[in-house]
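Architecture at a glance
Residues per chain, in single letters:
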Amino acid sequence: MTTARTIRSVRAFTVRGGGADYHDQGDDHWIDDHIATPMSKYPEYRQSRQSFGINVLGTLVVEVEADDGTTGFAVTTAGEPGAYIVERHLARFVEGAPVTAIERIWDQLYSASLFYGRKGLVLNVISAIDLALWDLLGKLRREPVYALIGGAVRDEQVFYATGSRPDLARKMGFIGGKMPVRHGPAEGAEGLAATVERFAAVREEVGPDFWLMADCWMSLDLDYATRLGLGLREHGLRWIEEALPPDDYWGYAELRKRLPPDVLVTMGEHEATRWGFRLLLEMGCCDLIQPDVNWCGGLTELLKISALADSRGVLVVPHGSSVYSYHFAITRHNSPFSEFLMMHPQASEVVPMFSPLLLDEPVPVNGRLRVPDTPGFGVRLNPECALARPYEH
């Protein structure tokens, strides 16, 4: 009986190169090629996101082991600082607890770290612990995680693709393509014109019915985002994503008022917990939310966030996060489609998002995916990826 099982140990590992820290890539990857960021105001940090340290943390792997030796695991972006938090602080709330006590464990993790947490790195860590617990419970019960949280509401999930080549994404069967914006306010009117010109060229290639979205990665100000949204609307922009810093709820509410209803305003990948999402929902900041289950507090918290959004008729379209969001989205009526992040360096092939770290990671075929019924999240750690355990407790 799973109710009799307890958690024997929790361990935290780090690994470099891809994995959950998907910005930890080589020099020739589209994800690091002149993409607008909050640091683009400084010319020396404009060409590469790695130049200001987007890849410094690396991947955190959290493994939980039950008293019968069964293990569950999950990954996130947190690296060595995250491993320290797991081993030296949060392990005490996991070890010895029943494997089914996921809600209580989450509350203790969050409450005990409030004095230095609330968002960011600490919530990444809590997310990984929470997802590892769900993976463990699924393995003990021999069920996929999606079955544990209510079961699938559709046979398959459909996807749009995020990457540098929407034209190729369309040929691969995706319903839309989201491109990174390359030029921010510091590059002036010329940069804005270049962005509009680029979208116009892509629209010519993909035709009128394929979704096109703009990923701004927190890099714009309200005036620039307004002008960009209106300029791209002429070329069938579906939504403008994360245009402003995530804490500028007032700016997002105003941007949503300034743009016509057919240009959606979206955000949420850098938001966390039910309280953060409650604030942006109540302030009318966006038309759909994009929590990342590896960052927002894990599956336990994402279910609460989704319920908040559903009560307001707002869609939940999780940011990236591979199998961890697949198992969630397939169970929610207000998550009718999902994001797939094109991790091929030229965005010309569909490859697993967390490769090479995870084995058995499913990918969309013709823009669609049936979530496997393998127990837990259905993935394994690649033994060829060298894990390091920088701390113990």
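Described below are features of the structure shown in this document. Within each chain, residue numbers correspond to sequence positions counted from 1 in written order. It should be noted that, the model being predicted, local features are given only for residues of pLDDT at least 70 and side-chain atom pairs only at 80 or more, the latter also being counted only at that level, while totals for whole chains, interfaces and linings use all residues. The basis for every side-chain value is the complete set of non-hydrogen atoms in the structure, without hydrogens or water.

**Some details on the overall build of the chain**
Counted only if it meets this: Helix numbers and strand numbers start at the N terminus; a helix is a DSSP run of H or I with at least 4 residues, a strand a run of E with at least 2. In this description the radius of gyration comes from C-alpha coordinates, and the expected globular size is given by 2.2 Å times residues to the power 0.38. Categorising residues by exposure relies on relative accessible area from a 1.4 Å probe, with only protein chains included: less than 20% of the type maximum marks a residue as buried, more than 50% marks it as exposed, and the intermediate range marks it as partly exposed. Whether two residues are in contact is decided by their heavy atoms: any pair within 4.5 Å suffices. With residues, only the protein chains shown are counted as cover, and all accessible areas are computed by Shrake-Rupley using a 1.4 Å probe.
Counting its secondary structure elements, the chain contains 11 helices and 14 strands. Against the compact-globule benchmark of 21 Å for 393 residues, the chain has a radius of gyration of 20 Å, which places it among compact chains. Along the first, second and third principal axes, the C-alpha atoms of the chain reach 60 × 45 × 40 Å. By the burial criterion, 61% of the 393 residues in the chain qualify as buried. For the chain, long-range pairs separated by at least 24 residues make up 72% of all intrachain contacts whose partners lie at least 6 apart in sequence. Summed over all atoms, the accessible surface of the chain reaches about 15200 Å², with 50% contributed by carbon and sulfur.

**Notes on the environment of T77**
By the secondary structure assignment, T77 is in strand β3 (residues 71-77). Remark: the alpha-carbon pair of T77 and V61, spanning 16 residues in sequence, is separated by 8.8 Å.

**Let's talk about the sheet that holds strand β2 (residues 59-66)**
Condition: By definition, two strands form a pair when at least two bridges between them are found by DSSP. Axes here refer to lines fitted to C-alpha atoms; in helices the fit is confined to the stretch in contact. Angles between the N-to-C directions go from 0 to 180 degrees.
Reading across the sheet, the 3 strands line up as β1-β2-β3 and stay open at both edges, with antiparallel pairing between neighbours. Each edge of the open sheet is held by one strand with a lone partner, namely β1 (7-15) and β3. The mean angle between the axes of side-by-side strands here comes to 20 degrees, regardless of whether they run parallel or antiparallel. Where β2 and β3 come together, 7 bridges link them in antiparallel fashion. Bridged to V62 within β3 is A74. Strands in contact with helix α1 (residues 79-88) are β1, β2 and β3; relative to β1, the strand with the most contacts, it is inclined by about 165 degrees. On top of the sheet, helix α3 (residues 121-141) reaches β1, β2 and β3; it is set at about 155 degrees to β3, its chief contact.

**Details of the packing of aromatic side chains**
Condition: What counts as a ring pair is set by centres within 6.5 Å for rings of Phe, Tyr and Trp (its six-membered ring), and what kind of pair is set by the plane angle: stacked under 30 degrees, edge-to-face over 60, tilted for all other angles. Criterion for a charge above a ring: Lys NZ or Arg CZ within 6 Å of the ring centre, and within 35 degrees of the ring normal.
Tallying each qualifying case throughout the model produces 15 aromatic pairs. A ring pair is formed by Y160 and F337, whose centres lie 6.4 Å apart and whose planes are at 65 degrees; its orientation type is edge-to-face. Taken together, the positions of Y160 in strand β4 (residues 157-162) and F337 in strand β11 (residues 337-341) put the pair 177 residues apart, joining distant regions of the chain. Taken individually, Y160 and F337 each receive the classification buried, so the pair is uniform in this respect. Residues F174 and F340 carry aromatic rings whose centres are separated by 6.0 Å and whose planes lie at 15 degrees to one another, so their mutual orientation is stacked. In this pair, F174 is assigned in the loop between α5 (166-171) and β5 (176-180) and F340 in strand β11, connecting sequence segments 166 residues apart. No difference in accessibility class separates F174 from F340, as the two residues are buried. Counting every residue linked through ring pairs, the aromatic cluster contains Y160, W211, W239 and F337. The cationic tip of R49 hangs over the ring face of W217; the distance from NZ or CZ to the ring centre is 5.0 Å. One residue, R238, lies across the ring of W211, its end atom 4.4 Å from the ring centre.

**Side note on α1**
Within the span of α1, buried status applies to G79, G82, A83, I85, V86 and E87. In this fold, the buried residues of α1 make contact with β1, β2, β3 and α3.

**Re the packing of helix α9 (residues 273-282) against helix α10 (residues 298-311)**
Definition in use: Any angle from 65 to 115 degrees is called roughly perpendicular, while one under 35 is roughly parallel, one over 145 is roughly antiparallel, and all others are oblique. Here a crossing is taken to be left-handed if its near helix is turned anticlockwise relative to the far helix by less than a right angle, and right-handed if that turn runs clockwise.
Relative orientation of the contacting elements α9 and α10 amounts to 20 degrees, with a least axis distance of 9 Å. Taken together, the axes of α9 and α10 lie roughly parallel to each other. In this structure, α9 crosses over α10, and the sense of that crossing is right-handed. Residue-level inspection shows T273, R274, W275, F277, R278 and L281 of α9 in contact with α10, the latter providing E301, K304, I305, L308 and A309.

**Regarding helix α7 (residues 222-233)**
Keep this limit in mind: To estimate how far a helix should extend, the number of its residues minus one is multiplied by 1.5 Å.
Between the first and last C-alpha of α7 there are 16 Å, a value that for 12 residues agrees with the 16 Å anticipated at 1.5 Å per step. The complete set of buried residues in α7 reads Y224, A225, T226, L228, G229, G231 and L232. Packing partners of the buried residues in α7 comprise α6 (188-206), β6 (211-215), β7 (237-241) and α8 (249-258).

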